[in-house]
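Structural overview for review
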Amino acid sequence: MTAVTRFAPSPTNHLHLGHAYSAWFAWTAAGTAAGGRFLLRIEDIDTLRCKPAFEAAILEDLAWLGLAWDGPVVRQSARLALYRDALGRLLDDRLAYPCFCSRSDIAREIAESGGAPHLDAMGAVLFRGTGGGLAPAAREDRAASGVPYAIRLDADAVLARHGPLCWTDDGESDAAGTHAVSAAVLGDVVIARRDVPASYHLAVAIDDAAQGVTLVTRGADLAPASHIHRMLQAALGLPVPTWRHHRLIAGADGHRLAKRNNPLTLRMIREGGASPAQVWARLGVADYPPPPV
Ligand code: GLU
């Protein structure tokens, strides 16, 4: 079986073992020896946190691991015009709306209503279905007045027009199976801000389609995002891939590796004298690429 897969790191820090596993997972799922393609996409729309030095380090780490990608490296920062176009279509189609609530407005409203915040499947406060509480013309006036705002996907509107929808994970993680897309999983997510024409969700949906990705692989922590990406695919008329989420790699303390916990980076491992084979052994991976000569 071959597929077109991608590894899509954000250059906000050095890669760690969890990234090595994620990159390997995409590489092995592609079946490059049999004609599949493993692509590399740098998710660098967050210009404050992303640094060219981290991107250079990502390329170096992947080369050290022997994970050769096909074709040119795609950078999201070079694709903002495409995201802006798609966003315009979603707004014109009334499948997205400007939202003027700040995080503190949302927190205050929840506190005043005496309720505990509803958290979405990824742990953020769930924002749903008010459409900003403003009529479309009033929203446009307010957006034009220069106040900061976010653009949110109108999940109910997408499902009303394009639903019912589902997405399928053909893997073995907890996310495996076919899932009915639900607006309640992540709510009306932010898909852009006044000054940034795309969030992670919008950019990923557009780029996976543009790069011809047939199998989306990534950590199981991102599985809830597939509900959003499936809605964006329907709303923008994009092809629908299959998904395969993977288990998360835990550190020596048993906790999931995340960039913010300062885990041992691949660079530190390499500089400590370990070989790629030792990295693969630590990850329990047998069918790894031969070391580069
Ligand atoms: N850029 C995301 C990350 O670094 C990966 C997103 C994806 O694979 O869909 O976690």
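Just so it is clear, the structure is predicted and the values come from calculations on it, not from any experiment. (Residues numbered from 1 in each chain as written. Predicted model: local features only at pLDDT ≥ 70, side-chain atom pairs only at ≥ 80, totals over all residues. Heavy atoms only, no water.)

1. Examining the overall build of the protein
Across its full length, the protein carries ten helices and ten strands. Here the protein has a C-alpha radius of gyration of 20 Å; the compact-globule value for 293 residues is 19 Å, and the two agree. Principal axes of the C-alpha set define a box for the protein whose edges measure 60 × 35 × 35 Å. Here the protein holds 293 residues, and 49% of them are scored as buried. In the protein, the proportion of contacts linking residues at least 24 apart, taken out of those at least 6 apart, comes to 79%. (Helix = DSSP H or I, 4+ residues; strand = E, 2+ residues; numbered from the N terminus. Rg over C-alpha atoms; globule rule 2.2 N^0.38 Å. Buried < 20%, exposed > 50% of the residue type's maximum accessible area, 1.4 Å probe, protein only. Contact = heavy atoms within 4.5 Å.)

2. Describing the sheet that holds strand E3 (residues 74–75)
One open sheet holds the three strands; their spatial order is E1-E2-E3, and the pairing between them is parallel. Every other strand in the sheet has two partners, leaving strand E1 (4–7) and E3 as the edge strands with one partner each. Where helix H1 (residues 17–30) meets the sheet, it contacts E1 and strand E2 (37–42), and its direction lies at approximately 170° from that of E1. (Pairing = 2+ DSSP bridges. Axes fitted to C-alpha atoms, helices over the stretch in contact; angles between N-to-C directions.)

3. Observations concerning the nonpolar core
The nonpolar side chains of soluble globular proteins are, as a tendency, buried together. If you look at the biggest cluster of nonpolar residues, it comprises 43 residues, and the most contacted ones within it are Leu-90, Leu-153, Ile-191, Leu-202 and Met-231. At the level of elements, helix H3 (80–92), strand E5 (150–153), helix H6 (155–162), strand E8 (190–193), helix H7 (200–210) and helix H8 (225–236) are the ones that each hand at least two residues to this core. Beyond its immediate sequence surroundings of up to four residues, Met-231 is in contact with Leu-153, Ala-155, Val-158, Leu-159, Leu-165, Val-181 and Ser-182. Ile-58, Leu-65, Leu-67 and Leu-283 belong to the second largest nonpolar core, which has 27 residues in total. (Core = buried A, V, L, I, M, F, W, Y, C linked by side-chain atoms within 4.5 Å.)

4. Section: the site of the ligand
Around the ligand, the surrounding shell consists of Arg-6, Ala-8, Pro-9, Ser-10, Glu-43, Tyr-200, Arg-218 and Leu-222. The contact in question runs from a nitrogen atom of the ligand to an N or O atom on the backbone of Ala-8, over 2.7 Å. Contact between the ligand and Arg-218: an oxygen atom at 3.0 Å from a side-chain N or O atom of the residue. Taken by itself the ligand offers 300 Å² of open surface, and the protein chains cover 78% of this. Along the lines of polarity and charge, the residues of the shell around the ligand split into four nonpolar, one polar and three charged. (Near = heavy atom within 4 Å. Polar contact = N/O pair within 3.5 Å; in protein donor to acceptor, adjacent residues only side chain to side chain. Areas by Shrake-Rupley, 256 points an atom, 1.4 Å probe, with all protein chains shown as cover. Nonpolar A, V, L, I, M, F, W, Y, C, P; charged D, E, K, R; others polar.)

5. Focus on the packing of aromatic side chains
Following the criterion strictly, the structure yields six aromatic pairs and no others. Here Tyr-21 and Phe-25 contribute two aromatic rings whose centre-to-centre distance is 6.1 Å and whose plane-to-plane angle is 40°, an arrangement assigned as tilted. One end of the pair, Tyr-21, and the other, Phe-25, are both in helix H1, four residues apart, so they sit about a helical turn from each other. One aromatic cluster in this structure is built from Tyr-21, Trp-24 and Phe-25. Note that Arg-247 overlies the ring of Tyr-21, its terminal NZ or CZ placed 4.6 Å from the centroid. The ring of Trp-64 carries Arg-270 above its face, with NZ or CZ at 5.7 Å from the centroid. (Phe/Tyr/Trp six-rings, centres within 6.5 Å; stacked < 30°, edge-to-face > 60°. Lys NZ or Arg CZ within 6 Å of the ring centre and 35° of its normal.)

6. Brief notes about the environment of Ala-225
Along the chain, Ala-225 turns up in helix H8. Setting aside chain neighbours within four positions, we find Ala-225 in contact with Met-122, Leu-186, Tyr-200, His-201 and Arg-218.

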